[in-house]
Amino acid sequence: MTNSCLLCGVGGQGTVLASKMLAYAAMEKGDNVRTAETIGMAQRGGCVVSHVRVGNTVSSPLIPKGGADVLIAFEPAEAVRCLTFLKNDGTVIVNSKAIKPVTDSLLGSTYNGEAMLDFLKSRVKNLVVVDGDAICEKIGSAKVLNMVLLAAAAKSGALFMNIEELKNVIKINIPEKFKDMNLQAVRMVEGEVRI
């Protein structure tokens, strides 16, 4: 059996680290894992997409269209853009805060993500919208958004990893000076986010 998770966001949000954490969790359990990233113009706020596939029969790291069990989106428009990768009964975990694209800023548009969230609500049966920024603000760092979204995905039960496995991976792989705030983010999701 294969479990596939697609992560998407924009450069600087921690999408690549989140995919590495998922891969570490799978390897800790003894599972085979394959990953791939498309980072393009990520350093300039461009799209970042990471594929994580876990299972005994995984031969390709790329998730086919309609093949993702879980879509973890760091931004609403990125969730909509990558929605074709989701299985019909798949789960979407999405951060509610929109990141205004550079082109949108230049055009003076008023993109705020609401239309994208409404679209997701109309199309996705298993949708979890997370106010990741509120949790990050309580902790005092936007750098834990990736752990907030991973914790929400783990809590949903749709991911191959549970909350305790996520905490263990953080303890093993996150540098000491950042460990506590990342664990705090997971604990906050564990207690506060309704799934």
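Residues numbered from 1 in each chain as written. Predicted model: local features only at pLDDT ≥ 70, side-chain atom pairs only at ≥ 80, totals over all residues. Heavy atoms only, no water.

> Any chance you could break down the nonpolar core for me, citing the residues and the numbers?
If you look at the biggest cluster of nonpolar residues, it comprises 44 residues, and the most contacted ones within it are L7, L22, I72, I93 and L150. A per-element tally of this core places helix 6 (residues 145-156) first, with nine residues. In this structure, L22 is in contact with C5, L7, V52, L150, L159, F160 and M161, ignoring residues within four places of it in sequence. Within the second largest apolar cluster, 17 residues are counted, among which are L6, C8, L86 and V92. (Core = buried A, V, L, I, M, F, W, Y, C linked by side-chain atoms within 4.5 Å. Buried < 20%, exposed > 50% of the residue type's maximum accessible area, 1.4 Å probe, protein only. Helix = DSSP H or I, 4+ residues; strand = E, 2+ residues; numbered from the N terminus. Contact = heavy atoms within 4.5 Å.)

> How would you explain the packing of aromatic side chains if you had to name every residue and give the values?
Inspection of every chain in the model, using the stated rule, returns zero aromatic pairs. We note K65 situated over the ring of F85; from NZ or CZ to the ring centre the distance is 4.7 Å. (Phe/Tyr/Trp six-rings, centres within 6.5 Å; stacked < 30°, edge-to-face > 60°. Lys NZ or Arg CZ within 6 Å of the ring centre and 35° of its normal.)

> So, the pattern of salt bridges: which residues are in play, and what are the values?
Inspection of every chain in the model, using the stated rule, returns seven salt bridges. Of the charged contacts in the structure, one is a salt bridge between R81 and E78, with a shortest N-O distance of 2.7 Å. Of this pair, R81 and E78 are both found in helix 2 (residues 76-81), three residues apart, which corresponds to roughly one turn of the helix. For E78, a relative accessible area of 8% corresponds to the buried category. Its salt-bridge partner being K97, residue D133 comes within 3.5 Å of it at the nearest N-O pair. With D133 in helix 5 (residues 132-139) and K97 in the loop between strand 5 (86-95) and helix 3 (102-107), this pair connects stretches of sequence that are 36 residues apart. Its relative accessible area of 25% is what places D133 among the partly exposed residues. Salt bridges sharing common partners tie together E164, K167 and E190. (Salt bridge = Lys/Arg side-chain N within 4 Å of Asp/Glu carboxyl O.)

> An account of the environment of T84 is requested, with residue identities and associated values reported.
Among the secondary structure elements, T84 is positioned in the loop between helix 2 and strand 5. The exposure class assigned to T84 is partly exposed, which follows from its relative accessible area of 47%. Through-space distance from the C-alpha of T84 to that of P64 is 9.2 Å; in sequence the pair is 20 residues apart. Apart from residues no more than four positions distant in its own chain, T84 is found in contact with K65 and G66. Reaching out from T84, the side chain makes a polar contact with the side chain of K65 at a distance of 3.3 Å. (Polar contact = N/O pair within 3.5 Å; in protein donor to acceptor, adjacent residues only side chain to side chain.)

> I'd love a proper account of the environment of L159, names of residues and values included.
Examined against the element boundaries, L159 turns out to sit in the loop between helix 6 and helix 7 (163-173). A residue is classified by how much of its surface remains accessible, and L159, at 7% relative accessible area, is buried. Dropping the residues within four chain positions of it, L159 is found in contact with N3, C5, L22, V70, L150, A153 and A154.

> Give me the pairing of strand 4 (residues 68-73): which residues, what numbers.
A large share of strand 4 lies buried, amounting to six of its six residues. Pairing analysis gives five bridges linking strand 4 to strand 5, with the strands arranged parallel. Bridging from a neighbouring strand, L71 pairs with V92 of strand 5. Of the crossover connections in this fold, the one passing from strand 4 over helix 2 to the parallel strand 5 is right-handed. (Pairing = 2+ DSSP bridges. Right-handed = clockwise from strand over helix to strand, strands pointing away.)

> Tell me about the side chain of T15, and name the residues and values.
Turning to its location among the elements, T15 is positioned in helix 1 (residues 15-28). Under the relative-accessibility criterion, T15 is labelled buried at 2%.

> Could you give an account of helix 5, with specific residues and numbers?
Buried within helix 5 are the following residues: G132, I135, C136 and I139. The buried residues of helix 5 occupy one face: seen down the axis, they fall within an arc of 100°. Facing away from the buried surface of helix 5 by more than 90 degrees, the exposed residues are E137 and K138. Of the residues trailing helix 5, G140 is marked for its positive phi of about 95°. (Arc of directions from axis to C-beta.)

> Could you give an account of the packing of helix 1 against helix 7, with specific residues and numbers?
It is at 9 Å that the axes of helix 1 and helix 7 come closest, and there the two elements cross at 105°. For the element pair helix 1 / helix 7, the angle class is roughly perpendicular. Judged by residue contacts, M21, Y24, A25 and E28 of helix 1 engage V169, I170, I172 and N173 from helix 7. Considered class by class, the residues forming the contact of helix 1 with helix 7 number six nonpolar, one polar and one charged. (Axes fitted to C-alpha atoms, helices over the stretch in contact; angles between N-to-C directions. Parallel < 35°, antiparallel > 145°, perpendicular 65-115°, else oblique. Nonpolar A, V, L, I, M, F, W, Y, C, P; charged D, E, K, R; others polar.)

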